[in-house]
Amino acid sequence: MLKRLQQDHKNISVLLNILAKQSQQLVLAEPVNFRIMMDVIEYMLAYSEHSHHPVEDIVYRYYSDNTPQAELSDRMLSQHKALTESTESLHQTLQQVLNDQPVTTELLQTELEQFIRQQRSHMQYEEEIVFPMLREHISEQGWEAVADLCQEMLIHDPLFSDKVSVECHRLRAMVSESGGE
């Protein structure tokens, strides 16, 4: 389970790099692919918010419930809530752009930078603090129990698997082009 979460982080990092490049192009007044930006955010809403983060939450709750004097605060859970809010906000802003509604470049740039910064900071926290603690304190039997608890939340990754969903073909081409596969 932990390997899957770490692989998800690597995949998300590839997408954040694509967003960062689009953001840089926005600052330089170069052509920007708003549809690709929206594809990234829609992937984050569809996969990260409905599988990745819920699975992390289940693992964290298992750790908290089964580890005496669990050393983690609720920081991870509150970060997940904040990430959902920033993802939804950026989705709404990009939707306005794609619907030819007025959105200032500054607003879009600010939301993009905030989103990218939040995502990277959150993943760094999990990779450096949370995951090592989970690895240390959850036994092999515990991971088997966690896997059983997570089955309902585990969904097929529509982008980074052998079976790419129709909605993700454009984004998969961009990922391949960026060398992120």
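A short tour of the structure in this document, coming up. The structure displayed is predicted, hence computed values, not measured ones.

Each value, and the rule that gives it
- Residues numbered from 1 in each chain as written.
- Predicted model: local features only at pLDDT ≥ 70, side-chain atom pairs only at ≥ 80, totals over all residues.
- Heavy atoms only, no water.
- Helix = DSSP H or I, 4+ residues; strand = E, 2+ residues; numbered from the N terminus.
- Buried < 20%, exposed > 50% of the residue type's maximum accessible area, 1.4 Å probe, protein only.
- Polar contact = N/O pair within 3.5 Å; in protein donor to acceptor, adjacent residues only side chain to side chain.
- Contact = heavy atoms within 4.5 Å.
- Phe/Tyr/Trp six-rings, centres within 6.5 Å; stacked < 30°, edge-to-face > 60°.
- Axes fitted to C-alpha atoms, helices over the stretch in contact; angles between N-to-C directions.
- Parallel < 35°, antiparallel > 145°, perpendicular 65-115°, else oblique.
- Left-handed = near helix turned anticlockwise from the far one by under 90°.
- Nonpolar A, V, L, I, M, F, W, Y, C, P; charged D, E, K, R; others polar.
- Salt bridge = Lys/Arg side-chain N within 4 Å of Asp/Glu carboxyl O.
- Arc of directions from axis to C-beta.

1. What about the side chain of Thr93?
Now for step 1: By the secondary structure assignment, Thr93 is in helix 3 (residues 75–98).
Now for step 2: For Thr93, a relative accessible area of 3% corresponds to the buried category.
Now for step 3: Among the polar contacts listed, one links the side chain of Thr93 to the side chain of Glu111, at a separation of 2.9 Å.
Now for step 4: If we ignore the near neighbours within four places in the chain, the residues touching Thr93 are Val103, Leu107, Leu108 and Glu111.

2. Describing the packing of aromatic side chains
Now for step 1: Per the counting criterion, the structure on display carries one aromatic pair.
Now for step 2: Summarising the aromatic geometry, the rings of Tyr43 and Tyr47 are spaced 5.6 Å apart at their centres and angled 25 degrees between planes, so their arrangement reads as stacked. Within this pair, Tyr43 and its partner Tyr47 are both found in helix 2 (residues 34–66), separated by four residues, close to a single helical turn. Each member of the pair Tyr43 and Tyr47 is classed as buried.

3. Focus: the packing of helix 3 against helix 4 (residues 105–137)
Now for step 1: Closest axis-to-axis distance for the helix 3/helix 4 pair is 10 Å, and the angle between their directions is 155 degrees. In terms of orientation, helix 3 lies roughly antiparallel with respect to helix 4. Of the two elements, helix 3 crosses helix 4, and the hand of that crossing is left-handed.
Now for step 2: Classifying every residue of the contact of helix 3 with helix 4 gives twelve nonpolar, nine polar and three charged.

4. Notes on the pattern of salt bridges
Now for step 1: By the definition in use, this model includes three salt bridges.
Now for step 2: In this structure, Asp39 and Arg35 form a salt bridge, with 3.0 Å as the shortest nitrogen-oxygen distance. Note that Asp39 and Arg35 are positioned in helix 2 at a spacing of four residues, about one turn of the helix.
Now for step 3: For Arg35, the salt bridge is made with Glu42, and the minimal N-O distance between the two is 3.1 Å.
Now for step 4: Residue classification places Arg35 among the partly exposed positions, given a relative accessible area of 29%.
Now for step 5: Taken together, the salt bridges that share partners define one network made up of Arg35, Asp39 and Glu42.

5. A short note on helix 5 (residues 140–150)
Now for step 1: Within the sequence span of helix 5, burial applies to Gly142, Trp143, Val146 and Cys150. Looking straight down helix 5, one finds that the buried residues subtend no more than 100 degrees of arc, so they occupy a single side. Seen from the open side of helix 5, the exposed residues pointing more than 90 degrees away from its buried face are Glu140, Gln141 and Asp148.
Now for step 2: Looking at the buried residues of helix 5, the elements they touch are helix 1 (2–27), helix 2 and helix 4.

Remember that the coordinates give geometry; whether it matters functionally is a separate question.
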